[in-house]
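Geometric and topological summary
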Amino acid sequence: MRTYLLYIVRLVALMACLAVSIHARLLWPSISLGAVLLWLCASLYSRTNRLLYAYRETEKENERLHARLAEAERQLQYLRQLTENVDTALFVCSTDGRIDWMNHAAKKIAPPSAPEGATIVSTTDSKTIEAPSGAVGGAFLPPHILQAIADHAEVVDGCALSTVLLRIDGQRRLVVALKDVSMLMQRQEMEAWQQLIRVLTHEIMNSLTPIISISETLSSSPSGGGQEGAEAFAVINRRCHSLLDFVESYRQLTRIKTPVKTTFPINELLEHITGLYPEVKTQGTGQLTADRSQLEQVLINLVRNAYESGATEVLLSANGEGEIRVKDNGCGMSPDVIDHAFIPFFTTKPSGTGIGLSLCRQIILKHGGTIRMESQQGKGTTFIIQL
């Protein structure tokens, strides 16, 4: 701006001098002043053009910058939505365990604040350190998770654990990710059991079929050893058929169809169960989306198990959020039984086959849901299904 003022002052001065020269009829001074005036105007015009060009380029760069900022803002919003809605728990915390940020899934894991006097485990040099007294009152990672990080554990509480140590604004920050892999592990476990059952049933049935055929032929043959031989072959045949039925029951675990989901009222499902078991208490409203026949099979199995465990009261409840509970006041289960309850072939009943709960879990897994149990000896058992 100062340069332009100088140009204008010079221009005015030259124009005044030129006017005086023309008025005095001085030819050569007038020509010289006119030439200088033209040069000054040309210089001012050139500089103005350069300034306008620079201004237009600045405007374009400003527009490009705004576009990049808008794109960065969209990406930031997308990243925020992504981190808030993924089912992986994400934490950003200091090395003493104080949480700076966490997503929605992480809020289900982290306590609201650290208890006073608590010892917080950090990954700093893989050592255990105490949280500073001034940090009490903020949100902290649970100590057992920090201890798992310090121990370089890969799984904690059924969740895959991964960590990254970063330096943000000159300070070390720990990024922690916890992914629930319990359902994946259950699926893999069930697939392994299914493969084992397929192999066993195939081999057993391939052996039983010719034995049954031969025993039937020999039991009716005149040369089969008389009355005693016929009775012996009849026993073999009968036991083979019994074993065949036993093996066939396990094949159910490998023949579950893909659920055909529909939406139906909860009260209709509850009414069907009470039609079979009138003594069952029910509660729940709303709608569920599932394969109704498969879900009924699961609930019937759980209710029947409850009464077989000695229960006198069974409460079946459901809600529109996809949660179903079967609670009884039976004998309950020991911790060891709870750990093995869903494993195929495991049973505590003298005449049980060990496929009931395994079948229930496989049906729920095929629905993309989970089934778990809470039990205490002498106080009953509760099965919780989340579709």
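Before reading on, note that the structure itself is shown above.
Only a predicted model underlies this, so the values are computations on that prediction, with no experimental measurement involved. (Residues numbered from 1 in each chain as written. Predicted model: local features only at pLDDT ≥ 70, side-chain atom pairs only at ≥ 80, totals over all residues. Heavy atoms only, no water.)

1. Details of the sheet that holds strand β5 (residues 171-180)
Threshold: DSSP calls a pair of strands paired once it identifies at least 2 bridges connecting them. In this text, helices come from DSSP runs of H or I with a minimum length of four residues, and strands from runs of E with a minimum of two, each type numbered from the N-terminal end.
With antiparallel pairing, the 5 strands of this open sheet are ordered in space as β2-β1-β5-β4-β3. The open sheet terminates on both sides in strands that have one partner only, identified here as β2 (99-102) and β3 (155-156).

2. Considering the nonpolar core
A general feature of soluble globular proteins is that nonpolar side chains tend to end up buried together. Filter applied, for reference: Here the nonpolar core consists of buried residues drawn from Ala, Val, Leu, Ile, Met, Phe, Trp, Tyr and Cys, with membership extended through side-chain atoms lying within 4.5 Å. Only protein chains enter the accessibility calculation, which uses a 1.4 Å probe; a residue is then buried when its area is under 20% of its type maximum, exposed when over 50%, and partly exposed in between. Whether two residues are in contact is decided by their heavy atoms: any pair within 4.5 Å suffices.
One finds Leu-295, Leu-299, Leu-302 and Phe-383 to be the most contacted residues of the largest nonpolar core, which totals 36 residues. Of all the elements in the fold, those that place two or more residues in this core are α6 (266-276), β8 (287-290), α7 (292-308), β9 (314-318), β10 (323-328), α9 (356-366), β11 (370-376) and β12 (380-386). For this core, the element with the highest residue contribution is α7, accounting for 7 residues. Apart from residues lying up to four places away in sequence, Leu-299 is in contact with Leu-269, Ile-273, Leu-316, Ile-324, Val-326 and Ile-385. Counting 18 residues, the second largest nonpolar core, distinct from the first, contains Phe-91, Leu-141, Val-156 and Leu-161.

3. So, the packing of aromatic side chains
The test is simple: A pair of Phe, Tyr and Trp rings is counted when the ring centres sit within 6.5 Å of each other, with Trp represented by its six-membered ring. The angle between the planes then sorts it: under 30 degrees is stacked, over 60 is edge-to-face, the rest tilted. Consider the ring centre and the ring normal. A charge sits over the ring if Lys NZ or Arg CZ is within 6 Å of that centre and within 35 degrees of that normal.
Across all of its chains, the model carries 1 aromatic pair by this definition. Considering the side-chain rings of Tyr-277 and Tyr-307, the 6.1 Å spacing of their centres and the 20 degrees angle between planes classify their relative orientation as stacked. Here Tyr-277, found in the loop between α6 and β7 (281-283), pairs with Tyr-307, found in helix α7; they are 30 residues apart in sequence, far enough to count as distant. Residue classification places Tyr-277 among the buried residues on the basis of a relative accessible area of 18%. One cation-aromatic arrangement involves Arg-292 over Phe-264; the distance from NZ or CZ to the ring centre is 5.6 Å.

Keep in mind these numbers describe shape, not what the thing actually does.
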